[in-house]
Amino acid sequence: MDKLLIEGGVRLAGETAISGAKNAALPILCAALLTREPMTFTNVPQLNDIDTLLKLLGQMGVKVSRDNATVTLDASAIDNPVAPYEMVKTMRASILVLGPLVARCGEARVSLPGGCAIGARPVDQHIKGLQAMGAQVTVEHGYVHAVVPRLRGARLFTDMVTVTGTENLMMAACLADGETVIENAAREPEVVDLANCLVAMGARISGAGTDVIRIRGVERLNGATHRIMPDRIETGTYLCAAAATGGEIRLTRTSTAYLDAVVDKLMDAGCDVVAERDAIRLKAPARLTAVNIRTSPYPAFPTDMQAQFMAINAVASGAAMIRETIFENRFMHAVELQRLGADIRIDGNTAVVQGVERLQGATVMATDLRASASLVIAGLVAEGETVIERIYHLDRGYERLEEKLAALGARVRRVA
Ligand SMILES: CC(=O)N[C@H]1[C@@H](OP(=O)(O)OP(=O)(O)OC[C@H]2O[C@@H](n3ccc(=O)[nH]c3=O)[C@H](O)[C@@H]2O)O[C@H](CO)[C@@H](O)[C@@H]1O
Ligand SMILES: C=C(OP(=O)(O)O)C(=O)O
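Here the structure is a predicted model, which means the values were calculated and not measured. (Residues numbered from 1 in each chain as written. Chains lettered and ligands numbered in written order. Predicted model: local features only at pLDDT ≥ 70, side-chain atom pairs only at ≥ 80, totals over all residues.)

## Comments concerning the overall build of the chain
At step 1: Helix and strand content of the chain: 14 helices and 24 strands.
At step 2: Along the longest, intermediate and shortest principal axes, the C-alpha atoms of the chain span 65 × 45 × 40 Å.
At step 3: In the chain, buried positions account for 52% of the 416 residues.
At step 4: Taking contacts inside the chain between residues at least 6 apart in sequence as the whole, the part at least 24 apart equals 73%. (Helix = DSSP H or I, 4+ residues; strand = E, 2+ residues; numbered from the N terminus. Buried ≥ 20, exposed ≤ 12 C-beta atoms within 10 Å, placed from the backbone. Contact = placed C-beta atoms within 7 Å.)

Below, the structure is given as structure tokens:
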């Protein structure tokens, strides 16, 4: 199994480009299931999660072609509306085929998804929404089985803000009979990117980006071309990596547009952040100041950036409190950061991080995607060599990580 070797202590400097967003590309590729006409997507990141999803769509009968960052999907014939366990066990987002398949085929069998081990992550809200739209849904032998002649519009209210739940129900509602209103909807930029793609396909959607989304169902959707938005979490991760090393970088093909909460914290930590047209510059002080974090749904601070901020707080001056309010088990990186010498105490959903002067390289194990990113950041700062095991998590969500870090001067390489 591949490992990442990092020789720490280099101040990151230079420029690198940000890829398309994993968490926008995954639902948007699933939207192709809603139309018989071909769809073209650009700026699709080359990631293991995308490969998994394209394989999954392929075995349903979707014709897939790919040329670097451009993917064309032709779902004119879906002969097998099934998502088998073997294909979905590594990826939470595979549940996103459920809504489109039920809406288009009137039936779907989707294995309960896997993904990052950061909490129980049930899909009860997805199921509740489809039931309210008239689907008969059963969960048996680890599969969600949904059947309905045609979904009908309904008023949906989710118990909590759920990103993929909102996306699944919004896609399903596009082909339903009548109007659907999703209340307590997720406002994440990736939901808006999906809505923009659906609108280009002929869907009638208003309110995406607010907590009430209205969808008037149509008989059919058409093909379209859509460019995937930049990855705000990849952007934030590189900003943190530069900040932790006292570096100065410029990230291109991205913007601060959806990163207010993250940029605000980086500035509180002492960094200069300058927004340019389609680029961001960051200049970090020699040592950061620790910053308190509380994760919450967008537009508040994203849970997908919590681990990276734990890494930067670990080497900052002072102490900080980190509260995780979205997932019940998203502090797995703390013990691994402790191996590198970090001073972190966990109490329930709160971590108290006391910054230390220096971390020392060690062998650590990646446990989930963003936990892995936090170990990379810590490894870049630590004295000596850090070995990160189980980096397949990183390959799910960071395109060409070593190459991009190397472009910024990091001494990092992958070994088998
Ligand atoms: C592929 C993708 O876009 N993944 C993102 C998405 O995950 P995902 O969409 O899975 O996360 P949700 O927003 O659904 O989860 C929020 C909370 O609601 C709970 N919940 C959710 C649905 C449900 O039916 N029942 C239920 O109890 C979850 O366990 C969690 O505690 O949003 C998360 C929160 O911003 C991010 O960390 C993930 O990177
Ligand atoms: C948790 C994440 O991914 P997933 O929802 O696909 O597990 C993530 O992107 O940080």
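## A closer look at the site of ligand 1
At step 1: Neighbouring ligand 1 are 21 residues, the closest being N23, Q125, T162, V163 and T164.
At step 2: For the shell around ligand 1, the secondary structure elements donating two or more residues are α1 (22–30), α5 (124–132) and α6 (163–174).
At step 3: Taken together, the residues of the shell around ligand 1 sort by class into nine nonpolar, eight polar and four charged. (Near = placed C-beta within 6 Å. Nonpolar A, V, L, I, M, F, W, Y, C, P; charged D, E, K, R; others polar.)

## Examining the sheet that holds strand β1 (residues 3–7)
At step 1: Strands sit in the order β22-β23-β1-β24 across an open sheet of four strands; the sheet is mixed. Single-partner strands in this sheet number two, and they are β22 (363–365) and β24 (411–415). Neighbour-to-neighbour, the strand axes of this sheet turn through a mean angle of 20°, independent of strand direction.
At step 2: Where β1 meets strand β23 (residues 385–389), four bridges bridge the pair, whose relative direction is antiparallel. (Pairing = 2+ DSSP bridges. Axes fitted to C-alpha atoms, helices over the stretch in contact; angles between N-to-C directions.)

## Let's talk about the sheet that holds strand β5 (residues 70–74)
At step 1: With respect to topology, four strands assemble into an open sheet ordered β4-β5-β3-β14, the strand pairing being mixed. Each edge of the sheet is formed by a strand with only one pairing partner; in this case those strands are β4 (63–67) and β14 (225–227). When the angles between neighbouring strand axes are averaged without regard to direction, this sheet yields 15°.
At step 2: The sheet contact formed by strand β3 (residues 39–42) and β5 spans three bridges and is antiparallel. When the bridges of β5 are listed, M39 appears paired with L73.

## Considering the pairing of β5
At step 1: Because side chains alternate across β5, one face comprises the buried residues V71 and L73, and the other comprises T70, T72 and D74, none of which is buried.
At step 2: Sheet analysis places β4 next to β5, joined by five bridges and oriented antiparallel. Bridge pairing in β5 links K63 to D74.
At step 3: The turn joining β4 and β5, which pair antiparallel and follow one another in sequence, is formed by two residues; a positive phi near 50° is taken by N68.

## A few points about the packing of α5 against α6
At step 1: Two elements in contact, α5 and α6, have axes whose closest approach is 9 Å; the angle formed by their N-to-C orientations is 20°. Looking at the two axes, α5 sits roughly parallel to α6. Crossing handedness for the pair α5 and α6: right-handed. Here Q125, H126, G129 and L130 of α5 lie close against α6, whose contacting residues are G165, N168, L169 and A172.
At step 2: In terms of residue class, the contact of α5 with α6 is built from three nonpolar, five polar and no charged. (Parallel < 35°, antiparallel > 145°, perpendicular 65-115°, else oblique. Left-handed = near helix turned anticlockwise from the far one by under 90°.)

## Description of α1
At step 1: Most of α1 is tucked away, with nine of its nine residues classed as buried.
At step 2: Among all positions of α1, only K22, N23, A24, A25, L26, P27, I28, L29 and C30 are buried.

## Here we look at the packing of α1 against helix α7 (residues 189–200)
At step 1: Running from N to C, α1 and α7 point in directions that differ by 35°, and their axes come no closer than 9 Å. Here α1 runs over α7; the crossing is right-handed. Contacts between α1 and α7 involve N23, A24, P27 and I28 from the first element and E190, D193, L194 and C197 from the second.
At step 2: Its residues assigned to classes, the contact of α1 with α7 shows five nonpolar, one polar and two charged.

## Observations regarding the nonpolar core
At step 1: Within the largest apolar cluster, 73 residues are counted, with the highest numbers of intra-cluster contacts made by L29, A31, V102, M170, A172, C174 and L198.
At step 2: No other element matches the seven residues that α6 contributes to this core.
At step 3: Among all residues touching A172, those that are not within four sequence positions of it are G99, P100, V102, A103, L130, M133 and L151.
At step 4: Counting 68 residues, the second largest nonpolar core, distinct from the first, contains I18, L239, A311 and I377. (Core = buried A, V, L, I, M, F, W, Y, C linked by C-beta atoms within 7 Å.)

## Some points on the confidence of the model for the chain
At step 1: With 99% of its residues at a pLDDT of 70 or more, the chain has an overall mean of 96.
At step 2: Scoring the predicted complex yields pTM 0.98 and, for the interface, ipTM 0.99. (pLDDT = per-residue confidence, 0-100.)

## Quick notes on α5
At step 1: All buried positions along α5 are accounted for by Q125, H126, I127, G129 and L130.
At step 2: As for α5, its buried residues are in contact with α4 (98–105), β8 (136–140), β9 (143–147), β10 (155–157) and α6.
At step 3: Trailing α5 by a residue or two, G134 shows a phi angle of about 100°, which is positive.

## Some details on the environment of D304
At step 1: Topologically, D304 is positioned in the loop between β18 (293–294) and α10 (306–314).
At step 2: Remark: the alpha-carbon pair of D304 and G236, spanning 68 residues in sequence, is separated by 9.4 Å.
At step 3: Those residues in contact with D304 that sit more than four places away from it in its chain are I233 and R370.

## Things to note about unusual backbone geometry
At step 1: Residue P299 is bonded to the preceding Y298 through a cis peptide linkage, with omega at 15°.
At step 2: Inspection of the secondary structure puts P299 in the loop between β18 and α10.
At step 3: Although it is not a glycine, H141 sits at a positive phi angle of roughly 50°.
At step 4: Positive phi values are uncommon outside glycine, yet D278 reaches one of about 55°.
At step 5: Positionally, D278 belongs in the loop between β16 (272–276) and β17 (279–283).

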